[in-house]
Amino acid sequence: MQPKENNLLIETITLNGHEGRLQTDWSHIWDAENSLLVDDEVKMLRCWSKYLTDLPKTDQPDEKWQPILDVVIAENHLAAVWLLIAAISAPDFYAQRIWTLLLNPGILLSLETQELAQNCLKAFASELTDEKFSQIESLLLKRALDCQTENANNYLLAKIARILSSIPEEKRSSETQEFLSKYLGNENLYSRPTYQLKYTPVEQLPVDSFGNPEYTPNEQLPVDLFGNPNVFLQELEEAKNLYQRASESTPLNNQAESDLFEQLKIIIETPSAPPSPQSLEDFDRDPSVWQKPPIFAVEGFLCLAIKTDSLPIEWKDLLRRLADDPDPQVRSCLGQQIWQFLNKWPEFVWETLDRWLNELPNRAGTIGVLRKTLHSSWYGWLRNSDAARAEQFFNNLLTAARLCNSAELRSHCGALLTALWFFEGETWAGEALRNALDSITDNADELKGAERNAVHELLPRSPKEPPIPVGEHQRVQDFLLQLLEAANQALRVYYAEVTNRAPSDGSNEPAPWVKKVSDFFYDVATEFDFSAEGHAKQWTSAQTDDKEAKISAWWQTVEPILEALLAIPHPGIVFELIEGLEHFIDLDLQRSLCWIRKATLASASAGLVNERLAADRTIEILSRILADHKKILLEGNELQSDFIQILESYLNVGWPKAVQLAVQIETIFR
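Residues numbered from 1 in each chain as written. Predicted model: local features only at pLDDT ≥ 70, side-chain atom pairs only at ≥ 80, totals over all residues. Heavy atoms only, no water.

### Quick look at the packing of aromatic side chains
Any two aromatic rings considered together are summarised by their centre-to-centre distance and by the angle between their planes. Here the structure, examined in full by the defined rule, presents 23 aromatic pairs. Measuring from centroid to centroid gives 5.7 Å for Trp-65 and Tyr-94, while their planes differ by 75 degrees, and the two rings are edge-to-face. Of this pair, Trp-65 sits in helix α2 (residues 61–75) while Tyr-94 sits in helix α4 (residues 91–98); the two residues are 29 residues apart in sequence, bridging distant segments of the chain. Its relative accessible area of 6% is what places Trp-65 among the buried residues. Taken together, a centroid distance of 5.7 Å and an interplanar angle of 50 degrees make the contact between Phe-261 and Phe-301 tilted. With Phe-261 in helix α12 (residues 254–268) and Phe-301 in helix α14 (residues 293–307), the pair connects residues that are 40 residues apart, well separated along the chain. Of the residues examined, Phe-261 reaches a relative accessible area of 2% and is grouped as buried. Put simply, the rings of Trp-378, Tyr-379, Phe-393, Phe-394 and Trp-428 touch in pairs and so form one group of aromatic residues. Over the ring of Phe-93 we find Arg-97, and its NZ or CZ is 3.9 Å from the ring centre. Directly above the ring of Trp-595 sits Lys-598, whose terminal nitrogen or CZ lies 4.1 Å from the centroid. (Phe/Tyr/Trp six-rings, centres within 6.5 Å; stacked < 30°, edge-to-face > 60°. Helix = DSSP H or I, 4+ residues; strand = E, 2+ residues; numbered from the N terminus. Buried < 20%, exposed > 50% of the residue type's maximum accessible area, 1.4 Å probe, protein only. Lys NZ or Arg CZ within 6 Å of the ring centre and 35° of its normal.)

This is the structure in structure tokens:
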């Protein structure tokens, strides 16, 4: 969830004499290491970034640049940063155009952009003059001087040193060299106080591929939300110190442990204002754990409880109290580590999970608690404890997720079902997936999680070594093809109903499930593009005896998927496929061009040939093939037939570049 607007820092930046704004977006949508980039915002961002990266290779890039700059400066708080990403890949085009971004402290020193800035400084080494590097040096050295004057901590000085070290050595001033000799490489300068949990991991339990990222305390909430800042900071520091004592690996004697427990308990039980209804709803959307004294005290107590072999009665009572705390942040701290108690106190774990599940439809904040709790191999841990009870808990979870209509929990359940069916052959999980497919319009959220797992296995972004076993691969592929077929049928039935509906029958707005089901095609097509690019890069440079066999196996996997995707030949979907197939032209020209032809013909009537981006990219592909494989094209084989059919699709609409290419071909063939 993005914080409310008035809590966000909006910084003024300049770029080539224009004034703009820079704003950090804390939405968890961008924290997408395990995401498959299927949200609309991420799709648009990917297109924007890719367009900027490819811009220098297009016709007349200089004319296209100024409108882009105007839009970025005038209308978008965030887009300027993406100019830096593009600049790293094409410094000869971008360096002179955007280097003034590096004169903004908010770009150079911000945690979110400093690494990009460093990479740009390295990439611009041969493009910028000594004078321009000198301006950047002067800005950083002045900031360093201000830090020393203000007695700021050495961490910022070390950060400045790292950035200055990215300037090419031959372009550094003597002042920079002196500063680096003092601050660069001193590891003590880089240390920053951290308060990370030191819990013992659960040992010898199965690992799966559908968990959430591991928890780290969030330290981003402004202190002024808690009243008097000085009092708050004093209490916070005390709680942190207690937490650190509790988390140390050095054993405590009984008296020290008892005293520490009492101190932690006092902080935990100190009365505080109950969470507001709005804060509970916010926690369900984005379960961030804020830095405040009770949270550190809870974490400290959990450290003690996890390390002890036998829980005293008073400790058990406090654990039960935490499980029912009105603050969902407290419950989520317990939920993160509740699995550590599964062996020493299993009934407490089961009772707590059942209670939270029963509260799910009605108690605000519980969705966020469960999101934090159901991480990593949670189902495997429960199944190792009691298989029948674990299966019942899962079924209850899915039912509750549907009752409260939590798309995220429903998607999580779908992902878990696929993991159990794909890799362990659990028949009940396979049956549940088939039932979901039979009612795809009602179960789109569950199938979203299932689709992500299937795509992750079938279309990885780089070759899997070793590949998944044949039996598992077949189950995954069968499911994905069945999903696309069910989605295709549902959409066709819906559009037939809409077409035959009289205008007076109701709103023209599509049913809520339509976009979710349509997105299955867009998601798979997008991942195909990524997968093709990653595989092509690795296999193009590989010199192994089995490369041809691997390429053939890859086609066997993707061709049925391509066939299924073309059942809905929307130009946006087909363009992703063409982009992906382009990567394989050098590896398998015949097969790649054949599928580009199939995709083009399937989508021509839907408007693909009138889309500038798709048309120009396709004609560029044909021009490249003509230049590199002219002799083969002249032989009149299937390659020539595919080539001509694609070109004719664009000639039929009079696309200018297609006409130019046709004239060129006519000259060659004459």
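### What about the packing of helix α19 (residues 378–385) against helix α21 (residues 407–424)?
Between α19 and α21, the shortest axis-to-axis distance is 11 Å and the interhelical angle comes to 65 degrees. Where α19 approaches α21, its residues Trp-378, Tyr-379 and Arg-383 are matched on the opposing element by His-412, Leu-416, Leu-420 and Glu-424. (Axes fitted to C-alpha atoms, helices over the stretch in contact; angles between N-to-C directions. Contact = heavy atoms within 4.5 Å.)

### Regarding the side chain of Asn-453
If you trace the backbone, Asn-453 turns up in helix α23 (residues 444–458). The buried category is assigned to Asn-453, whose relative accessible area is 9%. Polar contacts involving the side chain of Asn-453 include one to the main-chain carbonyl oxygen of Ala-415, which spans 2.9 Å. A polar atom in the side chain of Asn-453 sits 2.9 Å from the side chain of Thr-418. (Polar contact = N/O pair within 3.5 Å; in protein donor to acceptor, adjacent residues only side chain to side chain.)

### A word on the pattern of salt bridges
Where charged atoms from two side chains of opposite charge approach closely, those side chains can pair. Scanning the entire structure with this criterion turns up 34 salt bridges. As a salt-bridge pair, Arg-389 and Asp-354 come within 3.8 Å of each other at their nearest N and O atoms. Of this pair, Arg-389 sits in helix α20 (residues 387–403) while Asp-354 sits in helix α17 (residues 346–359), placing them 35 residues apart in sequence. Residue Arg-389 is classed as partly exposed on the basis of its relative accessible area, which comes to 28%. Judged by relative accessible area, which is 26%, Asp-354 ranks as partly exposed. Residues joined by salt bridges that share partners form a network here, namely Arg-402, Arg-410, Asp-445, Glu-446 and Lys-516. (Salt bridge = Lys/Arg side-chain N within 4 Å of Asp/Glu carboxyl O.)

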